[in-house]
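Here is how the chains run, residue by residue.
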Amino acid sequence: MITTINRSSSERFSILEFIACVIRGRWFMVSASFFIMAGVGGTYVFGTYSKAIKSSQGYDQSTLNLLGFYKDLGSNIGLPAGLIAEVTPPWFVLLLGSAMNFVGYFMIWLVVTHRISKAKVWQMCLYIFIGASSQTYANTGVLVTCVKNFPESRGIILGLLKGYIGLSGAILTHFYLAIYGNDSESLILLVAWFPAAISVVFAFAIRVMKNDSQPNELKIFYQIFYASLALALFLMAIIIAQQQIDFSKAAFGGSVTVVCILLFIPMLIAIRNEFSLWNIRKKHGNTTSEVIIEKPQTFESKQTPPHLNFSGEEKVEGPTKISCFASILNKPERGEDYSILQALLSTDMFLLSISSFTGFGASLTAIDNLGQIGESLGYPANTVRSFVSLISIWNYFGRVFAGFVSEIMLQKYKFPRTMMLTLSLFLSCTGHLLIAFPVPGSIYVASVIIGFSYGALLLLFTAIISELFGLKYFATLSNSVGLVTPLGSYIFNVKVTGFLYDREAKKQLKKHDREFVKGMELTCIGTECYKLPFIIMASVTLFGALVSLILVMRTRKFYKCDIYNKKFIEDAHAVETELSTSSVHEH
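As the structure is a prediction and not an experimental result, all values here were calculated from the model.

What follows is about the overall build of the protein chain. Broken down by element type, the protein chain carries 22 helices and four strands. Within the protein chain, the fraction of its 587 residues that count as buried is 55%. Excluding contacts between residues fewer than 6 apart, the proportion of contacts in the protein chain whose partners are at least 24 apart in sequence is 84%. Element-wise, carbon and sulfur atoms account for 65% of the exposed surface of the protein chain, whose accessible area totals about 25,800 Å².

This is how it looks when you write it as structure tokens:
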């Protein structure tokens, strides 16, 4: 009897020990990251609920596009998130982002549903800016942590994470149709609480851990990729089926159940892999997971640890002082850790910023106006919703493709990742031209091309920054290049597209002997509504592609070298020496 009780207690202890091991593991952290990324795409469904905002508030297209600009401003001004991430743990960044997400979008929902008094335009801009800013906090907390945990597979891990962000728009659309039915106002409410809840649940699982590479690491990533691919294909099949069949609320409930199952597959893969690692540790008498706790950097830093030279001997450096100006000019080699000012004032960053300004600015304009583009060409509401979902799904394909293919091409053939960036910009031009010169069904193709190229651009910019300027200040630098994106969105979306759309709509009013009255909702119908704006979009994106070719020429020698192994093999000697003294370290 005592033996049975002891065995039962031992089994219970082993199960709890295994659960603790799984939660502390790297793969659980990765699968938790996918859940967070799958819910943060509230900015990508703006085309679905923008009509509800426009009609409830009586906005013209320029005012709606101004709102879209502040959405893009919030989702791209990630510098505050990056700076906060430099001095706080990832869970704090994620929780702060979840609070901003709920407050911003919930206030918009209250205004649109007339639960509070009508807000002024600047107040609505502030609300959507706060809500959209939460995306940069989720991106920073998750992406930066995962790149630090898997530095030699950064292209793949970034592709998967950003792929789930790309799918999040379609996932949110499915959830809202299953929970609320065809009510675009309720989509705003879903965007307010759903991403915030996911971040709260998984925030404490996201942390920087020991870089302990496994032989089967690539195989596990491919398994996760197949799971995400199955999710993307299922969502696309449902979107196509919606064009043929009228789905009931129960049918959407069934599809959401399948979506949830597919979302949990990476978690099951993580648990299975952690079980294998746990068995190996048990055989060696070690069940603890080693975690690196990054101590926030302060101005009064402690004595810098001695560097190791190539012979393995310690090299003591004297306390030589270098002026700030000299330090900025004396930049390290590409791939080494740049300071924030060194990176921001470099020619490479300048070229990246121009490409970001043109590529993202034009693509975001297309995404934000997709609902009105479909309306102007006479597409029904459910088809317009399909355009938004298609952009979301092909956004996923673009990110995953750019992550996996660019990593394989880089490692096997030394194909520059900057060249992939140029090709993506050229592809984006084609999508803009299809909107400028539409033919029957061309908007379907345009939404696929723009979604794919936009997703690829997001992945490639992030990966290139991590490679050219190092990982030390990656949290700040990865958000810094996005500072020019809202400027591009404002110019192309508000000053170009919105202005030209409203001008064409007023012309149509005059043709029907009607006068424009301030506060009237302007609606433009026909191919002329977006022709000139998207000819301009295609032209500026082409210019950005030509600028990125200069960056390709500047970095071709860098990408011909082994950009990962040299650095990480050298770092491994220093890290190994430190890890031998303790299982938990503070830097």
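As a further point, take the packing of helix 4 (residues 61-76) against helix 20 (residues 484-511). At their nearest, the axes of helix 4 and helix 20 sit 9 Å apart, and the two run at 170° to each other. With respect to each other, helix 4 and helix 20 are oriented roughly antiparallel. Residues Gln 61, Ser 62, Asn 65, Leu 66, Gly 68, Phe 69, Asp 72, Leu 73 and Asn 76 of helix 4 touch helix 20, and the partners they reach there are Thr 485, Pro 486, Ser 489, Tyr 490, Asn 493, Val 494, Thr 497, Gly 498, Phe 499, Tyr 501 and Asp 502.

Take Glu 17: it is sitting in helix 1 (residues 2-24). A relative accessible area of 22% places Glu 17 in the partly exposed class. C-alpha of Glu 17 to C-alpha of Trp 278: the two residues are 261 residues apart in sequence and 9.5 Å apart in space.

Moving on: the confidence of the model for the protein chain. Averaged over all residues, the pLDDT of the protein chain is 80; the fraction at 70 or higher stands at 83%. Residue range residues 287-320 is modelled with pLDDT below 50. Its contacts to residues more than four positions away, or to other chains, number 54 contacts. Contacts for the low-pLDDT stretch residues 568-587, under 50 throughout, to residues beyond four places or in other chains number 25 contacts.

Quick look at the environment of Ile 393 now. Residue position: Ile 393 is located in helix 16 (residues 381-413). You can call Ile 393 buried: its relative accessible area is 0%. Each C-alpha atom, one on Ile 393 and one on Ile 171, is 9.3 Å from the other, the two residues being 222 residues apart in sequence.

Let's shift gears to the packing of aromatic side chains. The tally for this structure, following the rule as stated, stands at 31 aromatic pairs. Judged by centre distance (6.3 Å) and plane angle (35°), the rings of Tyr 222 and Tyr 226 are tilted. On the criterion of helical spacing, the pair formed by Tyr 222 and Tyr 226 is a turn pair, its members being four residues apart in helix 10 (residues 217-244). When the ring of Trp 394 is compared with that of Phe 452, the centres are 6.5 Å apart and the planes differ by 55°; the resulting orientation is tilted.

Time to look at the side chain of Ser 33. By secondary structure assignment, the location of Ser 33 is in helix 2 (residues 26-37). Exposure remark for Ser 33: the relative accessible area of 0% places this residue in the buried category. Excluding residues within four positions of it along the chain, Ser 33 makes contact with Val 142, Cys 146, Leu 161 and Ile 206.

The terminal C-alpha atoms of helix 4, which comprises 16 residues, lie 22 Å apart, in line with the 22 Å expected from a rise of 1.5 Å per residue. With 13 of 16 residues buried, helix 4 lies mostly within the body of the structure.

Looking now at the nonpolar core. Formed by 159 residues in total, the largest nonpolar core has its most connected members in Ile 36, Ile 53 and Leu 352. Ranked by residues supplied to this core, first place goes to helix 18 (residues 442-469) with 16 residues. Residues contacting Ile 53, with those up to four places away along its chain left out, are Phe 46, Tyr 59, Leu 67, Ile 108, Val 112, Met 124 and Ile 188.

Counted under the stated rule, the structure contains seven salt bridges. A salt bridge links Asp 348 to Arg 334; its shortest N-O distance comes to 2.7 Å. Residue Asp 348 is found in helix 14 (residues 347-368), and its partner Arg 334 is found in the loop between helix 12 (324-329) and helix 13 (340-344); the two are separated by 14 residues along the sequence. Exposure remark for Arg 334: the relative accessible area of 27% places this residue in the partly exposed category. We note a salt bridge from Arg 554 to Asp 348, for which the minimum N-O separation is 2.9 Å. Within this pair, whereas Arg 554 is found in helix 21 (residues 531-560), its partner Asp 348 is found in helix 14, the two being separated by 206 residues in sequence. One network of salt bridges, with partners in common, ties together Arg 334, Asp 348 and Arg 554.

Taken as a whole and judged by the stated rule, the model has one disulfide. The disulfide bridge from Cys 524 ends at Cys 529, spanning 2.0 Å between sulfur atoms. Disulfide Cys 524-Cys 529: the torsion about the S-S bond is -90°, which places it as left-handed. Comparing Cys 524 with Cys 529 shows no difference in burial state: the two are buried.

Definitions and limits used
- Residues numbered from 1 in each chain as written.
- Predicted model: local features only at pLDDT ≥ 70, side-chain atom pairs only at ≥ 80, totals over all residues.
- Heavy atoms only, no water.
- Helix = DSSP H or I, 4+ residues; strand = E, 2+ residues; numbered from the N terminus.
- Buried < 20%, exposed > 50% of the residue type's maximum accessible area, 1.4 Å probe, protein only.
- Contact = heavy atoms within 4.5 Å.
- Areas by Shrake-Rupley, 256 points an atom, 1.4 Å probe, with all protein chains shown as cover.
- Axes fitted to C-alpha atoms, helices over the stretch in contact; angles between N-to-C directions.
- Parallel < 35°, antiparallel > 145°, perpendicular 65-115°, else oblique.
- pLDDT = per-residue confidence, 0-100.
- Phe/Tyr/Trp six-rings, centres within 6.5 Å; stacked < 30°, edge-to-face > 60°.
- Expected span 1.5 Å × (residues − 1).
- Core = buried A, V, L, I, M, F, W, Y, C linked by side-chain atoms within 4.5 Å.
- Salt bridge = Lys/Arg side-chain N within 4 Å of Asp/Glu carboxyl O.
- Disulfide = S-S within 2.5 Å.

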